[in-house]
Amino acid sequence: MTAAPHQVETAVGDNDILAVAREQVLERGVGLSQEQVLQVLRLPGGQLQDLLALAHDVRMRWCGPEVEVEGIVSVKTGGCPEDCHFCSQSGLFPTPVRAAWLDIPGMVKAARETAETGATEFCIVAAVRGPDKRLMSQVRDGINAIREDGNDIQIACSLGMLTQEQVDELVEMGVHRYNHNLETARSNFGNVVTTHSWEERWETLQMVKDAGMEVCCGGIVGMGESDEQRAEFAVQLAELEPHEVPMNFLIPQQGTPYEHYETIEGPDALRIVAAFRLAMPRTMLRFAGGRELTLGDLGAEQGMLGGINAIIVGNYLTNLGRPAQADLDMLGELKMPIKALSDTI
């Protein structure tokens, strides 16, 4: 995937930003600048529907009508040594989540069930700072078992920060996409995580990109960041040129430092989705965690018509999602075709 370059634009009035975005993003495929994204995030509610319609037009022009469907499974849940303040899997917080490993038959079963929904993507996730030899071996054995089961679904991984040797090993295993979220704007990262840096995450992403794997990188909104930091985050992601950006909305987790945070209002969440689409016209934007709580069924449909073109079906890592069939039915009602499995993995 090749992203269009961003250009520096002078600030315009709120009444003009949608007209500027239409010409710049829709017609020329040039993502919005940080200042322009901020203007979009501050548009009044009366312009929300026009914004969503424009974001949908951008998605259709530069990405097409297909929606990629993905399922995820956690092979190692809980007990993580990092202090990501939003995460119930951190072993540093008194959350209800306890460390557990998924065996190979469980992984094969999850992959099979994911493929049966029509999904083309299956992501293997582990709550770790980075993979050790045991985890890398389990991932390899799991991928081999999935293939021996006759399942040719595309396999992605999310295993934390990597070394170059581990990147090369994942490529050799046939992992075609790697997820590693930057989580939030660089200026806000120290408020969210203190046990590692934004730069360490960025280095892993660059190694993954240089190795030829697709890059999946997004984050979570609703962690106390300002509108300015949301705009900053959007253009930092655009600079990375990821193949996919998962859009998560904070689900306050019991026992974490963010357990008492309020969830984002639905209109604000939709405005953020549209702004990210206008910052990254060619990128796959995926509905991920928190959309059920933040948007509900109607809001999810609005998001699919407001710039989103990928979705995780079923449950998340430690939170329940909607039944997979409910999302597939929604896509059918919206007449959005599900992306077919690529002939080349």
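As the structure is a computational prediction, the values presented were derived from the model and not from experiment.

Reading the values: the criteria
- Residues numbered from 1 in each chain as written.
- Predicted model: local features only at pLDDT ≥ 70, side-chain atom pairs only at ≥ 80, totals over all residues.
- Heavy atoms only, no water.
- Buried < 20%, exposed > 50% of the residue type's maximum accessible area, 1.4 Å probe, protein only.
- Helix = DSSP H or I, 4+ residues; strand = E, 2+ residues; numbered from the N terminus.
- Pairing = 2+ DSSP bridges.
- Right-handed = clockwise from strand over helix to strand, strands pointing away.
- Axes fitted to C-alpha atoms, helices over the stretch in contact; angles between N-to-C directions.
- Parallel < 35°, antiparallel > 145°, perpendicular 65-115°, else oblique.
- Contact = heavy atoms within 4.5 Å.
- Nonpolar A, V, L, I, M, F, W, Y, C, P; charged D, E, K, R; others polar.
- Phe/Tyr/Trp six-rings, centres within 6.5 Å; stacked < 30°, edge-to-face > 60°.

Peer 1: For this particular structure, what's the right way to read the pairing of strand β8 (residues 244–249)?
Peer 2: It is a general feature of regular strands that their side chains alternate between the two faces of the sheet. Within β8, six of the six residues are buried, leaving the element largely enclosed by the surrounding structure. In the sheet, strand β7 (residues 219–221) pairs with β8 via three bridges, with the strands oriented parallel. Along β8, the bridge assignment pairs Val221 with Phe249. In this fold, the crossover linking β7 to β8 by way of helix α9 (residues 227–240) has right-handed handedness. Two strands pair when backbone bridges link them, and β8 and strand β9 (residues 284–287) are joined in this way by four bridges, in the parallel orientation.

Peer 1: Just checking my understanding: could you explain the packing of helix α5 (residues 133–148) against helix α6 (residues 164–173) for this structure?
Peer 2: Relative orientation and spacing of two packed helices are given, respectively, by the angle between their axes and the distance between those axes. Where α5 meets α6, the axes come as close as 10 Å, and the angle between the chain directions of the two elements is 10°. By the angle class used here, α5 and α6 are roughly parallel. When α5 is examined against α6, the residues Met136, Val139, Arg140 and Ile143 are found in contact with a partner set consisting of Gln166, Glu169, Leu170, Glu172 and Met173. Residue classes in the contact of α5 with α6 are distributed as five nonpolar, one polar and three charged.

Peer 1: Even after reading the chapter, I still don't get the packing of aromatic side chains, so can you show me in this structure?
Peer 2: Given two aromatic rings, their pairing is described by the distance between the two centres and the angle made by the two planes. For the structure shown, the criterion picks out three aromatic pairs. Centroid distance Trp198 to Trp202: 5.1 Å. Interplanar angle 15°. Geometry classified as stacked. Placement of both Trp198 and Trp202 in helix α8 (residues 198–210) is noted, with a separation of four residues, approximately one turn of the helix. As far as burial versus exposure is concerned, Trp198 and Trp202 are alike and both buried.

Purely geometric stuff here, so don't read any function into it on its own.
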